[in-house]
Amino acid sequence: MPRIINYGSCCIDHVFQVPHFVSPGETLSSTDYRVFPGGKGLNQSIAMAKGGARVIHVGAIGHDGQWLQAELDAAGVDTTYLTLLSAPSGQAIIQVDPNGENAIVIVGGTNQANHEAELTQALSDANEQDMLLIQNETSGNAFAMALAKRKGLRIVFNMAPMNDSALNLPLDLVDYFVVNETEAEALTGASAPDEICKTFIERFSNSALVLTLGQDGAVYCDAERTITQRAFPVTPLDTTGAGDTFTGFLLSHLIGSDQVDEALRIAAAAAALSVTVEGAATSIPTAQAVENFLSQVSLD
Ligand code: RIB
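In short, a report on the structure. Computed from a prediction, not measured in an experiment: that's the story for all the values here.

The subject of this paragraph is the overall build of the protein chain. The helix and strand tally for the protein chain stands at 10 helices and 13 strands. Its C-alpha atoms give the protein chain a radius of gyration of 18 Å, near enough to 19 Å, the size a compact globule of 300 residues would have. Seen through its principal axes, the protein chain has C-alpha atoms that stretch 50 × 50 × 40 Å. Looking at the 300 residues of the protein chain, the share that counts as buried comes to 52%. Of all intrachain contacts in the protein chain linking residues separated by at least 6 positions in sequence, the fraction that spans at least 24 positions is 64%. Taken as two groups, the 14 positive and 35 negative side-chain charges of the protein chain have centres that lie 7 Å from each other.

If you check the shell around the ligand, you find 13 residues, and the closest are Asp13, Gly39, Lys40, Glu137 and Asp244. Here Asp13 contributes a side-chain N or O atom positioned 2.6 Å from an oxygen atom of the ligand. The separation between an oxygen atom of the ligand and a polar main-chain atom of Gly39 is 2.8 Å. Within the complex, the protein chains bury 96% of what would otherwise be the 280 Å² of accessible surface of the ligand. Residue classes in the shell around the ligand are distributed as 5 nonpolar, 4 polar and 4 charged.

Here we come to the sheet that holds strand β9 (residues 154–158). Read from one edge to the other, the open sheet built from 9 strands follows the order β5-β4-β1-β8-β9-β10-β11-β12-β13, with strand pairing classed as mixed. In the strand order of this sheet, the two ends are held by β5 (82–85) and β13 (226–229), each with one partner. Between one strand axis and the next, the sheet turns by 15 degrees as a mean value, whatever way the strands run. Note: strand β10 (residues 176–180) against strand β11 (residues 208–212), 5 bridges, orientation parallel. Residue pairing for β11: Val178 is matched across the bridge by Val210. Of the strands in this sheet, β10 and β11 are in contact with helix α6 (residues 181–188), which crosses β10 at around 120 degrees.

This structure, assessed with the given rule, holds 8 salt bridges. Its salt-bridge partner being Asp125, residue Arg3 comes within 3.4 Å of it at the nearest N-O pair. Taken together, the residues Arg3 in strand β1 (residues 3–7) and Asp125 in the loop between α3 (116–122) and β8 (131–134) connect sequence positions 122 residues apart. Asp175 serves as the salt-bridge partner of Lys149, at 3.0 Å between the closest nitrogen and oxygen. Of this pair, Lys149 sits in helix α4 (residues 141–150) while Asp175 sits in the loop between α5 (164–167) and β10, and the two are 26 residues apart along the sequence. Here the residues in one salt-bridge network are Arg3, Asp125 and Asp130, joined through shared partners.

We now examine the environment of Thr31. Mapped onto the fold, Thr31 is located in the loop between β2 (11–17) and β3 (32–38). The exposed category is assigned to Thr31, whose relative accessible area is 65%. Thr31 sits 260 residues away from Glu291 along the chain, and the two C-alpha atoms are 34 Å apart.

With that settled, the discussion passes to the pairing of β11. Counted residue by residue, β11 has 5 buried out of 5 residues, so it is predominantly covered. Judged by which residues are buried, β11 turns out to be covered on both faces: Ala208, Val210 and Thr212 on one side and Leu209 and Leu211 on the other are all buried. The turn joining β11 and strand β12 (residues 218–221), which pair antiparallel and follow one another in sequence, is formed by 5 residues; a positive phi near 60 degrees is taken by Gly214.

We now examine the side chain of Thr245. Assignment of secondary structure puts Thr245 in helix α8 (residues 242–254). Its relative accessible area of 0% is what places Thr245 among the buried residues. Sequence-distant contacts of Thr245, defined by excluding residues within four places in its chain, comprise Ala47, Ala270, Ala271, Ser274, Ile284 and Pro285.

Another aspect to go through is the packing of α8 against helix α9 (residues 260–274). Two numbers describe how α8 lies on α9: the axes approach to 8 Å, and their chain directions differ by 150 degrees. On the basis of the axis angle, α8 is roughly antiparallel to α9. Once α8 is placed against α9, the crossing between them reads as right-handed. Touching Ala242, Thr245, Phe246, Phe249, Leu250, His253 and Leu254 of α8 are Val260, Ala263, Leu264, Ile266, Ala267, Ala268, Ala270, Ala271 and Ser274, all from α9.

This next bit is on unusual backbone geometry. For the bond from Ala160 to Pro161, the omega torsion is -5 degrees, close enough to zero to count as cis. Within the fold, Pro161 resides in the loop between β9 and α5.

Thresholds, definitions, all that
Residues numbered from 1 in each chain as written. Predicted model: local features only at pLDDT ≥ 70, side-chain atom pairs only at ≥ 80, totals over all residues. Heavy atoms only, no water. Helix = DSSP H or I, 4+ residues; strand = E, 2+ residues; numbered from the N terminus. Rg over C-alpha atoms; globule rule 2.2 N^0.38 Å. Buried < 20%, exposed > 50% of the residue type's maximum accessible area, 1.4 Å probe, protein only. Contact = heavy atoms within 4.5 Å. Lys, Arg positive; Asp, Glu negative; His and termini not counted. Charge placed at Lys NZ, Arg CZ, Asp CG, Glu CD. Near = heavy atom within 4 Å. Polar contact = N/O pair within 3.5 Å; in protein donor to acceptor, adjacent residues only side chain to side chain. Areas by Shrake-Rupley, 256 points an atom, 1.4 Å probe, with all protein chains shown as cover. Nonpolar A, V, L, I, M, F, W, Y, C, P; charged D, E, K, R; others polar. Pairing = 2+ DSSP bridges. Axes fitted to C-alpha atoms, helices over the stretch in contact; angles between N-to-C directions. Salt bridge = Lys/Arg side-chain N within 4 Å of Asp/Glu carboxyl O. Parallel < 35°, antiparallel > 145°, perpendicular 65-115°, else oblique. Left-handed = near helix turned anticlockwise from the far one by under 90°.

See below:
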């Protein structure tokens, strides 16, 4: 069975329910505070495993984050290459407003350590059937991309959070880009989905783009086709991790199939379910829950 090697972050999410996002100079009382497992890497590893993929997570945690490893293990993710370091784990300070929208500040912690040795070991027996997934919360992404490409792996880059260092990576090595609207605009300079796809294909003619649009669904495009997927309407409680859930379920199906339309439908359903539950990793549904949901809802 092909594997997805996820070189990704792990974070301790400190989640504050707030009446509105705090303004400059304001001191705001939260209405609730909870701690959840998170980090885009951890969330995506758990989503891929729940979606049925064989997942190896490469990264690091500190002693304060050993419970994050337990979350990965419980989901069936292989944590052989998750290193325990003496530095603090990655942290995220997350505000969630009454509409379920979030605002996130992250602290890199052990996600910013050097992971070249673990990556080299994890990819030592990898081959063309496998995938490397990367987000932009870890350091050393150029090393990971070059190593994976030498071994013939397909590379998926979720360009989140977007910044100059993401844009300066060897992006020609990437096979699938997963971006939201603002990340897509930074990548292509375009803002409307059709313009984004057109500009993307001109620049990356051998790659594919998955553009997530929140309540407006998602678009997949490559040089040969464009596929759109509507969002399933739900009442959002907490949107944190919805993009990670989408990416994870999408890849868990794309790793063994070229049925992009079905992968998008399953990913959209999983993301819809995730926003109805609090937290990031804790809101990721099981494959059975996604299947049940799809049997009950229709977008027609
Ligand atoms: O995508 C959501 C995640 O972003 C949160 O879990 C937080 O840790 C940040 O990395």
